[in-house]
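# Reading the structure
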Amino acid sequence: SLPHLRITGMDCHIGSQLTETSPFIAAAEKILLLVDALASEGIHLEHLDLGGGLGICYHDETPPPIAEYVAALLGVLRGRGEKLILEPGRVLVGNAGGIDVSLNGKDVGPLGPPGRVRIFRFTPEGHRPVTSLEPE
């Protein structure tokens, strides 16, 4: 008995840059088996954090749309009472921008000359600088 310990949830992170929903579903099903086993012992959880992240397209990957990811998880979790926490990852912001950096005069990024840091915003029309921090 640990009177000063209260178990409130369970977290699971299966990785990031996932391009299929099946690993999320398999992990959720295994976690729910453990949650139900804990409930049978009198430990009732308030939340489930099913972390891991949907991937984005770097080269030729084809990650599922967010709606497909959500529908797949809801299919497994329907009727559950726990609060659901998700960590969708880079799919939310990964295609929104980039940073081009120069270190000790050597260009370490693909955009622009050495000696500066540039932050870019990517749009369907291409990329454009948002700000440029020139060295003094």
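Right, let's walk through the structure included here. (Residues numbered from 1 in each chain as written. Predicted model: local features only at pLDDT ≥ 70, side-chain atom pairs only at ≥ 80, totals over all residues. Heavy atoms only, no water.)

### A look at the overall build of the protein chain
What counts here: Note on conventions: DSSP H or I runs of at least 4 residues are helices, E runs of at least 2 residues are strands, and numbering of each starts at the N terminus. We call a residue buried when its accessible area falls under 20% of the maximum for its residue type, exposed when it is over 50%, and partly exposed in between, using a 1.4 Å probe and counting protein chains only. Should any heavy atoms of two residues lie within 4.5 Å, those residues are considered in contact. Note on areas: Shrake-Rupley, 1.4 Å probe, and residue coverage restricted to the protein chains presented here.
Of the regular secondary structure elements, the protein chain holds two helices and eight strands. Helices (α) and strands (β) of the protein chain occur, in sequence order from the N terminus, as β-α-β-α-β-β-β-β-β-β. In the protein chain, which comprises 136 residues, the proportion classed as buried is 26%. For the protein chain, the share of sequence-separated contacts (at least 6 apart) that also reach a separation of at least 24 residues comes to 59%. Within the structure as shown, the protein chain displays about 9,100 Å² of accessible surface, and the carbon and sulfur contribution to it stands at 58%.

### Some thoughts on the packing of aromatic side chains
Which entries qualify depends on this criterion: In summary, the pairing rule links any two rings of Phe, Tyr or Trp, Trp by its six-membered ring, whose centres are within 6.5 Å, and it sorts them by plane angle into stacked for under 30 degrees, edge-to-face for over 60 and tilted for everything else.
Under the criterion given, the structure shown has one aromatic pair. Here Phe-24 and Tyr-69 contribute two aromatic rings whose centre-to-centre distance is 4.9 Å and whose plane-to-plane angle is 70°, an arrangement assigned as edge-to-face. Here the residue Phe-24 occupies a position in helix H1 (residues 22-40), and Tyr-69 occupies one in helix H2 (residues 66-77), the gap between them amounting to 45 residues. Pair check on accessibility: Phe-24 and Tyr-69 agree, each one buried.

### Regarding the packing of H1 against H2
Defined as follows: Angles run from 0 to 180 degrees between N-to-C directions of axes, and those axes are lines fitted to C-alpha atoms, restricted for helices to the stretch in contact. Angle categories: roughly parallel below 35 degrees, roughly antiparallel above 145, roughly perpendicular from 65 to 115, and oblique for all the rest. Throughout, a crossing is termed right-handed when the near helix is turned clockwise from the far one, and left-handed when it is turned anticlockwise from it by less than a right angle. Under the scheme applied here, ten amino acids are nonpolar (Ala, Val, Leu, Ile, Met, Phe, Trp, Tyr, Cys and Pro), four are charged (Asp, Glu, Lys and Arg), and all others, including Gly, are polar.
Packing of H1 against H2 brings their axes to within 10 Å, and their N-to-C directions diverge by 25°. What the angle tells us is that H1 and H2 run roughly parallel. Note that H1 runs across H2; the crossing there is right-handed. Each of Phe-24, Ile-25, Ala-28, Glu-29 and Leu-32 in H1 lies in contact with H2, whose residues at this interface are Tyr-69, Ala-72, Leu-73, Val-76 and Leu-77. Class assignment for the residues of the contact of H1 with H2 results in nine nonpolar, no polar and one charged.

### Some details on empty space enclosed by the protein
Filter applied, for reference: The pocket and cavity definitions rest on a 1 Å grid over protein atoms only: a 1.4 Å probe that fits but cannot leave marks a cavity, an open set with protein on both sides within 12 Å along at least five of seven lines marks a pocket, and residues lining either have an atom within 4 Å of a point. Grid points are joined across faces, edges and corners, and a volume is the space filled by probe spheres set on the points.
Taken as a whole and assessed by the stated rule, the structure comprises one cavity of 30 Å³ or more. For the largest cavity, the calculated volume is near 50 Å³. Taken together, Cys-12, Ile-14, Phe-24, Ala-27, Ala-28, Leu-50, Gly-51 and Leu-73 make up the full set of residues lining the largest cavity. Here the lining of the largest cavity takes three residues from H1, the largest share from any one element. Across the lining of the largest cavity, the residue classes tally to seven nonpolar, one polar and no charged.

### A few points about the sheet that holds strand S3 (residues 83-86)
Note: strands within a sheet are paired through backbone hydrogen bonds, in either parallel or antiparallel orientation. Using the following cut-off: Pairing between two strands requires that DSSP report at least two bridges joining them.
Pairing in this open sheet of three strands is parallel, and the strands run S1-S2-S3 from one edge to the other. Looking at which strands have only one partner, the edges of the open sheet turn out to be strand S1 (9-12) and S3. Neighbour-to-neighbour, the strand axes of the sheet open up by a mean angle of 15°, direction not taken into account. As paired elements, strand S2 (residues 47-50) and S3 share four bridges and run parallel to each other.

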